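Descriptive analysis of the structure
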Amino acid sequence: MSRTTRLAGLIGFPVEHSLSPVFQQAAFDALCLDVRYELWSTSEDELPERVASLRDDRFIGANVTVPHKERAFTLMESVSDVARRAGAVNTIVKRDGALHGENTDVPGFLAPLQQRGFDLSRMNVVVLGAGGAARGVVVALQTAGCPHIVVANRTIERAERLAAALGGPLQTSGLGDTLISHIETAGLLVNATALGWQGDRLPLPETVLQTLPPTSLVYDLTYRETPLLRAATQLGYPTLDGLEMLVAQGAESFRLWTGQEPPYDIMLDAARTAAKAR
Ligand code: NAP
C-alpha cells in the first residue's frame, strides 16, 4: 500500500465471514483505483470513534453491517430519504468532509428482481421476518409500488411495530396457518428472518409453503442454500438466494464512493467464486 492509497471498509461485528472485501477489491482493481477495502471489526463501544475516524482524507467511505446499521444512522450528519425510511445506514459517504448515510440494501434487494423482469406493482408479497432486513425489504417493495404486502413474524408485536412505523398497504401475520390466506395469492415470498444461517428449520411450516402458487418466486436474503430454498426447490418453485442482493448493494455503495459505474459482473463473479470456496 502506498502513501496515496485510500481506504474503504466494512464496520460490523463480527466481520471476518464477509464476502465484501473480495468483490469490492475486485471492483477497485478492475477500474485501476488505488483503494484498499478492509475489514473493521468494531464493538458497540468503539462505533462512534470508528465512524468519526472516517473524516480523515485517507477514507473514501464505509459499509456498515450487523449489529450497527441502526446506530450508525444516529451518527451521521445527514441521511438519504431511503435510509430515513429504513431507519438504518449501510453505506457511509463523504460529502465535503461530512458523513452522509445511505441505505443501498433497498435498491440492492430490488436489483435481482428488476433484472428478472418482475413487475412488483402488480404483485402480492409475503415477507417473513420483522427485523432490520425485513424493514429494508418493505421500504423497497413500497418504493416499487407493491399493492399488497404482508409482514409475517414469529413475534407478531414486532411485525405490528414495523407496520405502524412504515404505514401504507401493510398487513401482519404470524408464521402458522393464518398465513395461508396471504401465501396463496402471493407472487413473491421473501425470507428476511435470520433462520437461514441456523440448522435445518424452515421459517414456516412446509404445509403452508405448499400453498404458494406454483410459479411464485421464493427469495431468501441469506447468501447460501438454506433449508427454505432446498424445500422450495424440491416443491418445484423458482428460487433466488441473497448473493445477488449482497453484490448489488455493494455495487451501489461503490457507485456512491467513486462516482463511477460499478463493474457488476466482475463483482458478482468474484463473490460467487469466494462463496463456492467456503
Ligand atoms: P434481525 O434484526 O436480528 O431480525 C431477525 C429476524 O429473524 C426477526 O424477524 C426474528 O423474529 C427472526 N427469527 C430469528 N430466529 C428465528 C426463529 N428461530 N424462528 C423464526 N424467526 C426467527 O436480523 P436482520 O438484520 O433483519 O437480518 C435477517 C437476515 O437477513 C440475516 O440472515 C441477514 O444475513 C440477511 N441479510 C442479507 C442481506 C444481503 O445483502 N443479502 C442484507 C441484509 C440482511 P423475532 O422478531 O420473532 O425474533
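The residue count restarts for each chain, going from 1 along the sequence in the order it is written. Totals for whole chains, interfaces and linings use all residues, but because this is a predicted model, local features are given only for residues with pLDDT of at least 70 and pairs of side-chain atoms are given and counted only at 80 or more. Heavy atoms from the whole structure form the basis of all side-chain values; hydrogens and water molecules are not counted.

Further remarks concern the overall build of the protein. Of regular secondary structure, the protein possesses 12 helices and 12 strands. In terms of C-alpha radius of gyration, the protein reaches 19 Å, essentially the compact-globule figure of 19 Å for 278 residues. With respect to the three principal axes, the spread of C-alpha positions in the protein is 60 × 40 × 35 Å. A burial count over the protein gives 51% of its 278 residues as buried. A contact between two residues is defined here by any heavy atoms of the two lying within 4.5 Å. Of the contacts formed within the protein by residues at least 6 apart in sequence, a portion of 64% connects residues at least 24 apart. When charges are counted, Lys and Arg are positive and Asp and Glu negative, with His and the chain ends excluded. For this purpose, a charge sits on NZ of Lys, CZ of Arg, CG of Asp or CD of Glu. Each charge sign in the protein was given a centre, from 25 positive and 31 negative side chains, and these centres are 2 Å apart. For helices the rule is a DSSP run of H or I covering at least 4 residues; for strands it is a run of E covering at least 2, with both sets numbered from the N terminus onward. Each radius of gyration is computed over the set of C-alpha atoms, and the globule rule expresses the reference value as 2.2 Å times the number of residues to the power 0.38. Exposed residues in this analysis have more than 50% of their type's maximum accessible area, buried residues have under 20%, and partly exposed residues fall in between, with area computed by a 1.4 Å probe over protein chains only.

The rule for a residue being near a molecule or strand is that one of its heavy atoms must lie within 4 Å of it. Not every one of the 21 residues close to the ligand is listed here, only the nearest: A133, N153, R154, T155 and R158. Throughout this description, a polar contact denotes any pair of N or O atoms lying within 3.5 Å of each other; where both atoms belong to protein, one of them has to be capable of donating a hydrogen while the other can accept it, and for residues adjacent in sequence the pair is counted only when both atoms sit in side chains. At 2.9 Å, a side-chain N or O of R154 approaches an oxygen atom of the ligand. For the ligand, an oxygen atom lies 2.9 Å from a polar atom in the backbone of A194. Starting from 930 Å² of accessible surface for the ligand in isolation, the protein chains cover 82%. At the level of elements, α6 (132-143) and α11 (243-258) are the ones that each hand at least two residues to the shell around the ligand. Residues of the shell around the ligand, tallied by class, amount to 10 nonpolar, 7 polar and 4 charged. Only the protein chains shown count as cover for residues, and the accessible areas themselves come from Shrake-Rupley with a 1.4 Å probe. For this classification, the nonpolar set comprises Ala, Val, Leu, Ile, Met, Phe, Trp, Tyr, Cys and Pro, the charged set comprises Asp, Glu, Lys and Arg, and every other residue, Gly included, is treated as polar.

Time to look at the sheet that holds strand β3 (residues 59-64). In this description, strands pair whenever DSSP reports at least two bridges between them. Ordered in space as β2-β1-β3-β5-β6-β4, the 6 strands form an open sheet in which the pairing is mixed. At either end of the open sheet lies a strand with only one pairing partner, and these are β2 (35-41) and β4 (78-79). Note: strand β1 (residues 6-12) against β3, 5 bridges, orientation parallel. Directly across from I11, in β3, lies its bridge partner V64.

The subject of this paragraph is α11. Helices are assigned an expected span. That span is 1.5 Å times one less than the residue count. Here α11 is 16 residues long and its end C-alpha atoms lie 22 Å apart, about the 22 Å a rise of 1.5 Å per residue gives. Among the 16 residues in α11, 12 count as buried, and that is most of the element. Buried within α11 are the following residues: L243, E244, M245, L246, V247, A248, Q249, G250, A251, S253, F254 and W257.

A few words on the pattern of salt bridges. By salt bridge we mean one thing: a side-chain nitrogen of Lys or Arg within 4 Å of a carboxyl oxygen of Asp or Glu. One pass over the full model with this rule turns up 12 salt bridges. Measuring nitrogen to oxygen at the nearest pair gives 3.2 Å for the salt bridge that ties R71 to E44. Within this pair, whereas R71 is found in helix α3 (residues 69-74), its partner E44 is found in the loop between β2 and α2 (47-53), the two being separated by 27 residues in sequence. With a shortest N-O distance of 3.3 Å, E77 and R55 are connected by a salt bridge. Of this pair, E77 sits in the loop between α3 and β4 while R55 is found in the loop between α2 and β3, placing the two residues 22 residues apart along the sequence. Looking at R55, the relative accessible area reads 38%, which means it is partly exposed. The structure contains a network of salt bridges with shared partners spanning R116, E244 and R272.

Turning next to a positive patch on the surface. Taken together, the side chains of R154, R158, R161 and R201 present a region of like positive charge at the surface. Within the secondary structure, R158 is located in helix α7 (residues 156-166). Judged by its relative accessible area of 41%, R158 is partly exposed. Like charges are joined within 9 Å and nonpolar side chains (Val, Leu, Ile, Met, Phe, Trp, Tyr) within 5 Å, but only among residues with over 30% relative accessible area and no salt bridge; these make up the patches.

What follows covers the pairing of β3. Of all 6 residues in β3, 6 are buried, a share of seventy percent or more. As defined by bridge partners, β3 adjoins strand β5 (residues 91-95) across 3 bridges and the pair is classed as antiparallel. Within β5, the position partnered with G61 by the bridge is V93.

A few words on the packing of helix α1 (residues 20-30) against α11. Angles shown run from 0 to 180 degrees and are taken between the N-to-C directions of axes, each axis being a line fitted to C-alpha atoms and, for helices, limited to the stretch in contact. Relative to each other, α1 and α11 sit at 40°, their axes nearing to 10 Å. On the basis of the axis angle, α1 is oblique to α11. Viewed along their axes, α1 and α11 form a crossing whose handedness is right-handed. Contact residues: α1 offers F23, Q24, A27 and F28, while α11 offers L246, V247, Q249, G250, S253, F254, W257 and T258. Residues that form the contact of α1 with α11 fall into these classes: 7 nonpolar, 5 polar and no charged. Here is the rule for angles: anything less than 35 degrees is roughly parallel, anything more than 145 is roughly antiparallel, 65 through 115 is roughly perpendicular, and the remaining ranges are oblique. Handedness of each helix crossing follows the sense of rotation of the near helix against the far helix: counterclockwise by less than a right angle gives left-handed, clockwise gives right-handed.

Let us now look at α1. Restricting attention to buried positions, one finds in α1 the residues S20, P21, F23, Q24, Q25, A27 and F28. Tucked into the core, α1 has its buried residues touching β1, β2, β3, α11 and α12 (264-276). Positive backbone phi, at 50°, marks C32, one or two positions downstream of α1.

The next subject is the environment of D200. Structurally, the position occupied by D200 is in the loop between β10 (188-191) and α9 (206-209). Residues D200 and T226 lie 26 residues apart in sequence; the distance between their C-alpha atoms is 8.0 Å. Apart from residues no more than four positions distant in its own chain, D200 is found in contact with P227 and R230.

It is worth stressing that arrangement in space is one thing and function is another; only the former is reported here.
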